[in-house]
Amino acid sequence: MKKIKCQIFRRTVKDRRRGDSYQLLYDFAEGVKAVGDEVEIVNETMTGPTQDGEMNITAPIGVMFGYGGSNQLHHTKGRRHTLVENAKKSGSVVITFDGGLCSSFGNTSGVPEHRYRVSLWTPMRNGEFFEKDSPNDRWNDMKNIFNIKDFEWQKKSSDDAPIIFVLQPSDNWSMNGLEPIEWFNDVYKKLRPLTKRKFIARPHPNHAQAMYDKRDKFPADVELMIPQKQFSGDEKKNYRFHFQTALNDCHAVVTHNSTASVDSCIRGIPTFVTSDLAICYPVANTDLSKIESPEFPDRTQWLSNLGYMMWTIDEIRSGKVYKRFRNKVEESNLISL
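Structure report, in brief. Keep in mind it's a predicted model, so treat the numbers as computed, not measured.

1. Re the overall build of the protein chain
On a plain count of helices and strands, the protein chain comes out with 10 helices and 11 strands. At 20 Å, the protein chain has a C-alpha radius of gyration in line with the 20 Å of a compact globule built from 337 residues. For the protein chain, the C-alpha atoms occupy an extent of roughly 60 × 45 × 35 Å along the three principal directions. Of the contacts formed within the protein chain by residues at least 6 apart in sequence, a portion of 70% connects residues at least 24 apart. Entry remark: accessible area of the protein chain is about 15300 Å², with carbon and sulfur atoms responsible for 44%. The centroid of the 47 positive side-chain charges in the protein chain is displaced by 2 Å from the centroid of its 43 negative side-chain charges.

2. Some points on the pairing of strand S4 (residues 93-98)
Summarising burial for S4: 6 of the 6 residues are buried, a large majority. Taking every second residue as pointing to the same face, both faces of S4 are buried, with Val93, Ile95 and Phe97 on one and Val94, Thr96 and Asp98 on the other. As paired elements, S4 and strand S5 (residues 115-120) share 4 bridges and run antiparallel to each other. Looking across to S5, one finds that Thr96 is bridged to Ser119.

3. Quick notes on the side chain of Thr76
Residue placement: Thr76 occurs in helix H2 (residues 75-90). Setting aside chain neighbours within four positions, we find Thr76 in contact with Arg11, Thr12, Val13 and Lys14.

4. As for helix H1 (residues 20-35)
For H1, with 16 residues, the first-to-last C-alpha span of 23 Å sits near the 22 Å given by 1.5 Å per residue. Those residues of H1 that fall on the buried side of the exposure criterion are Ser21, Tyr22, Leu24, Leu25, Tyr26, Asp27, Phe28, Ala29, Gly31, Val32 and Val35. Residue Gly36 follows H1 closely and has a positive phi angle near 105°.

5. Overview of the pattern of salt bridges
Any two side chains of opposite charge can pair, on the condition that their charged atoms come close. Overall, the coordinates contain 17 salt bridges when judged by the stated rule. Of the charged contacts, one joins Asp98 and Arg117 as a salt bridge, the two residues approaching to 3.7 Å between their closest N and O atoms. Of the two residues, Asp98 sits in strand S4 while Arg117 sits in strand S5, which places them 19 residues apart along the sequence. Looking at Asp98, the relative accessible area reads 15%, which means it is buried. Close ionic contact of Asp186 with Lys190 constitutes a salt bridge, the shortest N to O distance being 3.4 Å.

Analysis parameters
Residues numbered from 1 in each chain as written. Predicted model: local features only at pLDDT ≥ 70, side-chain atom pairs only at ≥ 80, totals over all residues. Heavy atoms only, no water. Helix = DSSP H or I, 4+ residues; strand = E, 2+ residues; numbered from the N terminus. Rg over C-alpha atoms; globule rule 2.2 N^0.38 Å. Contact = heavy atoms within 4.5 Å. Areas by Shrake-Rupley, 256 points an atom, 1.4 Å probe, with all protein chains shown as cover. Lys, Arg positive; Asp, Glu negative; His and termini not counted. Charge placed at Lys NZ, Arg CZ, Asp CG, Glu CD. Buried < 20%, exposed > 50% of the residue type's maximum accessible area, 1.4 Å probe, protein only. Pairing = 2+ DSSP bridges. Expected span 1.5 Å × (residues − 1). Salt bridge = Lys/Arg side-chain N within 4 Å of Asp/Glu carboxyl O.

By themselves, these figures tell us nothing about what the structure is for.
Structural data, given as structure tokens:
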């Protein structure tokens, strides 16, 4: 195997230089070394405003955390966007990481078996995970670790079962600048004439205070699910886990492209998304007019594929993940190594 260089762009995480996303890049660097390739951590100690040329890539493979939308070109998100654009122009590829899926089942940062998403370009559905037609072994492992059952689709709910709207922060890159209240009110106008069910809006834990302050912007018949205005530490994790409780008595989930929609689809709750970036898009509903008569796609292959979209720190540090993507990139003729 020819030795190549891999560049890790440290400034695709915040300059505070701590936390899981920061450490993950260094764990990946160990994996590159384990495979026998050269690794460079680009602009490791730089801070402050983005410098001209900072996101120039000269290696065939670059690495970053997260992704930056086309409408969020400032600070960290802007650097991510620039790196991806530069890589595409230069004929390189970019491996990107983001938090794992199934967080309300317990796959959250800090747990020993936490699995991060890994893909090319973007950690949403328009990224390349090389997961298609995967076997079910990794998904079965996740089921055992996080005690995820084989949930059937909920094909009938009680007449008073509510609809839960999962909101996302406006600065979330997957929203690409779309304001959550604007999104909600647009969807509300389409759905309210079609159903008499109770509407419950559930803000992201990072956005609870902002939604509380703007609660008068929501229609009067909408319940805003905010148990408290601010969350920190384990409170955020508990709020995520409470999502499972909320799903126990719910007719459907509606969101733009929140990863919580993956959890609701696994639980068998009909889930409506308004963005094709949603990971659950292949098994979700996209026609809001069917809110009372949703479709129930087969989830078998989709669940198996989920297992090959996420990887543990041990697999990242050992070089297993890097070697997999290196080989897939070469096999797919995406670039010449």
